[in-house]
Every structure is written in structure tokens, then in C-alpha cells.
Amino acid sequence: MTHAEFGIEQQFGKRLAYYISPAEVTYASYEYGGNSADIRKIARTSPESTVVNVRIQESADVDSSAIIGEGSSIWHLAQIRDEARLGSNVVVGRGAYVGSGVHVGDNSKIQNYALVYEPANLADGVFIGPAAVLTNDTFPRAINPDGGQKDVSDWDAVGVDIEQGASIGARAVCVAPVRIGAWATVAAGAVVTNDVAPHALVAGVPARRIKWVGKSGSPLELNEAGLWEDASTGDVYREKEDSDELEEVTE
Ligand SMILES: CC(C)(COP(=O)(O)OP(=O)(O)OC[C@H]1O[C@@H](n2cnc3c(N)ncnc32)[C@H](O)[C@@H]1OP(=O)(O)O)[C@@H](O)C(=O)NCCC(=O)NCCS
């Protein structure tokens, strides 16, 4: 199996970051200047290559087996672990962590110092606020009962799944295993211990639903017809009779 490659090399008297992925996107190469604004693409020829626009800061730690999609930016001191798969136009902020094998969908943003532990799965357009944490170990211990240090084979990792367009507020904690529904918002500082319904706005410790939110992120308002309306998009929803969930009204 071919692996992606990422690294920095000295060429033509310049520092170059190179990135070669095994899948559909195959090759890109960049020149580093003094700061990110100076990074510019340098096309290099290769018969099957596609040059992609990937921006990876020199101080970022990107594993050679990670796949970084076109248009993505990895900022200073971020760490992208082995086999992580980032889609197109993903932004990973300073000091953020993306665990082994984590999938991050297109157009997602992971803000500074957020920790996305494996095996998290983020759909397209997910927002992870600064210093938010997605956990992966329900009953954590550094050591086994015999005092010996635990390694990865001594525990079963559990993950956080986040559906399209959902947002996790600053310093919130999503305690795995948990699913955050599409277009839901988790308020700043919340601790999520149960699944969150699509379009729910949850807050507090433990997080409880306080409102509904639309795709715009704004709270939905109850209109005269008794339906939930997003003033900025005009989208309308009704509460399902059998569950605390919304369904979109399309007619
Ligand atoms: C929840 C949030 C979206 C505000 O929504 P809102 O519709 O304006 O909410 P309101 O201000 O009307 O507050 C509704 C209630 O929730 C409470 N509340 C608001 N934010 C809260 C939070 N983060 N945690 C706990 N309770 C919160 C309010 O105190 C209020 O309680 P009350 O009814 O008892 O007075 C906002 O506070 C928030 O957390 N946004 C995320 C910000 C963020 O992390 N951004 C990341 C990029 S920096």
C-alpha cells in the first residue's frame, strides 16, 4: 500500500514542504517563507500528479500517513496523527490535536487547542470551538490493577460522532460515546453525556436542550402556525410527535 508523505526538504536553496497522498490527490509542494502569508505553491512535475493547495505550517506535526485534502490549512503546533483523514478546505488551528484515524469532513474548522481524540468522526462542515475536547475513554486509568502502565491494547476506545454542520462551543467536552446531530450546537463550556438531536442547542453540565437552532446557527422562533422558523433562512420545522426531535417542513 502506498502511504502519503509529508515533510520538509531543502531544495534550490529554499525550504519546501511536500505532501504526497496515496488517493485521489497525489502531489503538492510549497515554499515556506517567514510566515504563512509567504507560503506559496511551487508546482513540481510528476506524470500522475495533481498539484493541490495545502497549507501546512512548519511547526505543525503531520504524520506521514495522514491525508490532507485540497485547500486545507494546518496551523502552528497542530498535531495530525497517523491515518487521520482530513477533507477539503479543513482548517486546523494552532495547537489542535487530531487523533489517529480520525475523519474530518470537508469545510470543517477545528479551532485552537481543541483535542479531537480518536476514533472521532466528523462529517462535513463541523465546527469544533477552541479548547473543546472529544474524549475517547469512559473509565480512564494510566495503569492496570497490577500497577503496570496501560497501553492501547488495554482499553477500548469509544468515539464521538458529529453530523453535518454541527458546532461544538468553546471549552465544551463531548464525553464519548456520543452522537451530535446535524446542525446542532453545543454551548460554550457544556459537558455532553447523551446524544444530541439534530438542530438542538444544548448547554450546561450535563448538557440539556435549551432551544432549537437552524442551519444558520440562530435560534428558531415559534411562528403563528406553531412551527419552528429560522428567520435568516426561512426554513421551517415541526416537532415530531413521538420524540424530542424536529423534522423539516418542506411543503
Ligand atoms: C448558548 C449560546 C449559543 C447562546 O444562545 P442564546 O440563544 O443567545 O441564549 P440566551 O443568551 O438567550 O440564553 C438562554 C439561557 O441559556 C443560558 N446560557 C447561555 N449560554 C450558556 C452556556 N454557554 N452555558 C450555560 N448556559 C448558557 C443563559 O444564561 C440563559 O439562561 P436563563 O434563561 O436561565 O437566563 C451561547 O451562549 C454560546 O455558548 N455560544 C457558543 C460560543 C462559542 O463557544 N463560540 C466558539 C467560537 S469562539
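These numbers were taken from a predicted model, which means no experiment stands behind them.

Which parts of the structure should I look at to understand the overall build of the protein?
Across its full length, the protein carries zero helices and 30 strands. In the protein, which comprises 251 residues, the proportion classed as buried is 39%. Counted over contacts in the protein with a minimum sequence separation of 6, partners at least 24 positions apart contribute 19%.

Looking at this structure, I do not really get the pairing of strand 29 (residues 236–239). What am I missing?
Successive residues of a regular strand alternate their side chains across the two faces of the sheet. With two bridges joining them, strand 28 (residues 228–229) and strand 29 adopt antiparallel strand pairing. Residue pairing in the sheet places Trp 228 in a bridge with Tyr 237 of strand 29. The antiparallel hairpin formed by strand 28 and strand 29 contains six residues in its connecting segment, where Gly 234 sits at a positive phi of about 80 degrees. Where strand 29 and strand 30 (residues 246–248) come together, three bridges link them in antiparallel fashion. Within the sheet, the bridge partner assigned to Tyr 237 lies in strand 30 and is Glu 248.

Explain the sheet that holds strand 15 (residues 115–116) to me, please; I cannot follow it from the model alone.
Pairing between the strands of a sheet is mediated by backbone hydrogen bonds and can be parallel or antiparallel. Strand order in this open sheet of seven strands is 6-9-12-15-18-21-24, and the pairing throughout is parallel. Either end of the sheet is taken by a strand with one partner, and the two such strands are strand 6 (61–62) and strand 24 (191–192). Across two bridges, the pairing between strand 21 (residues 173–174) and strand 24 is parallel. Paired with Cys 174 across the two strands is Val 192, which belongs to strand 24.

What is the right way to read the site of the ligand from this model?
Residues in contact with the ligand amount to 15 residues; listed here are only the nearest, Gly 129, Gly 169, Ala 170, Ala 187 and Ala 188. Of all elements in the fold, only strand 25 (200–203) and strand 26 (208–212) reach the threshold of two or more residues within the shell around the ligand. Residues of the shell around the ligand, tallied by class, amount to nine nonpolar, five polar and one charged.

Looking at this model, I keep getting lost on the sheet that holds strand 29. Mind explaining?
Read across the sheet, four strands follow the order 27-28-29-30 without closing on themselves; strand pairing throughout is antiparallel. In this open sheet, the two edge strands, each paired with only one partner strand, are strand 27 (221–222) and strand 30.

When you look at the nonpolar core in this model, what are you seeing that I'm missing?
Side chains that are nonpolar tend, in soluble globular proteins, to be buried together. Counting 58 residues, the largest nonpolar core has Val 92, Val 98, Val 116 and Val 186 as its most contacted members. Take this core: its biggest share by element is three residues, from strand 25. Setting aside chain neighbours within four positions, we find Val 186 in contact with Ser 167, Ile 168, Gly 169, Ala 172, Ile 180, Val 192, Val 196, Val 202 and Ala 207.

It is not clear to me how the confidence of the model for the protein should be interpreted in this structure. Could you clarify?
The predicted coordinates should not be examined in detail at positions where pLDDT is low. The pLDDT averaged across the protein works out to 83; a share of 79% of its residues lies at or above 70. The model gives residues 1–5 a pLDDT under 50, and that stretch makes 14 contacts with residues more than four places away or in other chains. In this model residues 7–51 is a low-confidence stretch, pLDDT under 50, and it forms 69 contacts with partners more than four residues away in sequence or in other chains.

Help me understand the pairing of strand 26 in this model?
Looking at chain direction, strand 25 and strand 26 are connected through four bridges and run antiparallel. Bridged to Leu 201 within strand 26 is Lys 211. Between the antiparallel neighbours strand 25 and strand 26 lie four residues, among them Gly 204 with a positive phi of about 90 degrees.

Any chance you could explain the environment of Gly 234 here in plain terms?
Positionally, Gly 234 belongs in the loop between strand 28 and strand 29. For the pair Gly 234 and Gly 214, spaced 20 residues apart in sequence, the C-alpha to C-alpha distance is 9.5 Å.

Help me understand the environment of Val 202, please; the structure alone is not making it clear to me.
Note on placement: Val 202 falls in strand 25. Taking the number of C-beta atoms within 10 Å as the measure of exposure, Val 202 has 24 and is therefore buried. With 14 residues separating them in the primary sequence, Val 202 and Ala 188 have C-alpha atoms 9.5 Å apart. Residue contacts for Val 202: discarding those within four places in its chain leaves Val 186, Ala 187, Ala 190, Val 192, Val 196, Ala 207, Arg 208, Arg 209 and Ile 210.

What counts and what doesn't
Residues numbered from 1 in each chain as written. Predicted model: local features only at pLDDT ≥ 70, side-chain atom pairs only at ≥ 80, totals over all residues. Helix = DSSP H or I, 4+ residues; strand = E, 2+ residues; numbered from the N terminus. Buried ≥ 20, exposed ≤ 12 C-beta atoms within 10 Å, placed from the backbone. Contact = placed C-beta atoms within 7 Å. Pairing = 2+ DSSP bridges. Near = placed C-beta within 6 Å. Nonpolar A, V, L, I, M, F, W, Y, C, P; charged D, E, K, R; others polar. Core = buried A, V, L, I, M, F, W, Y, C linked by C-beta atoms within 7 Å. pLDDT = per-residue confidence, 0-100.

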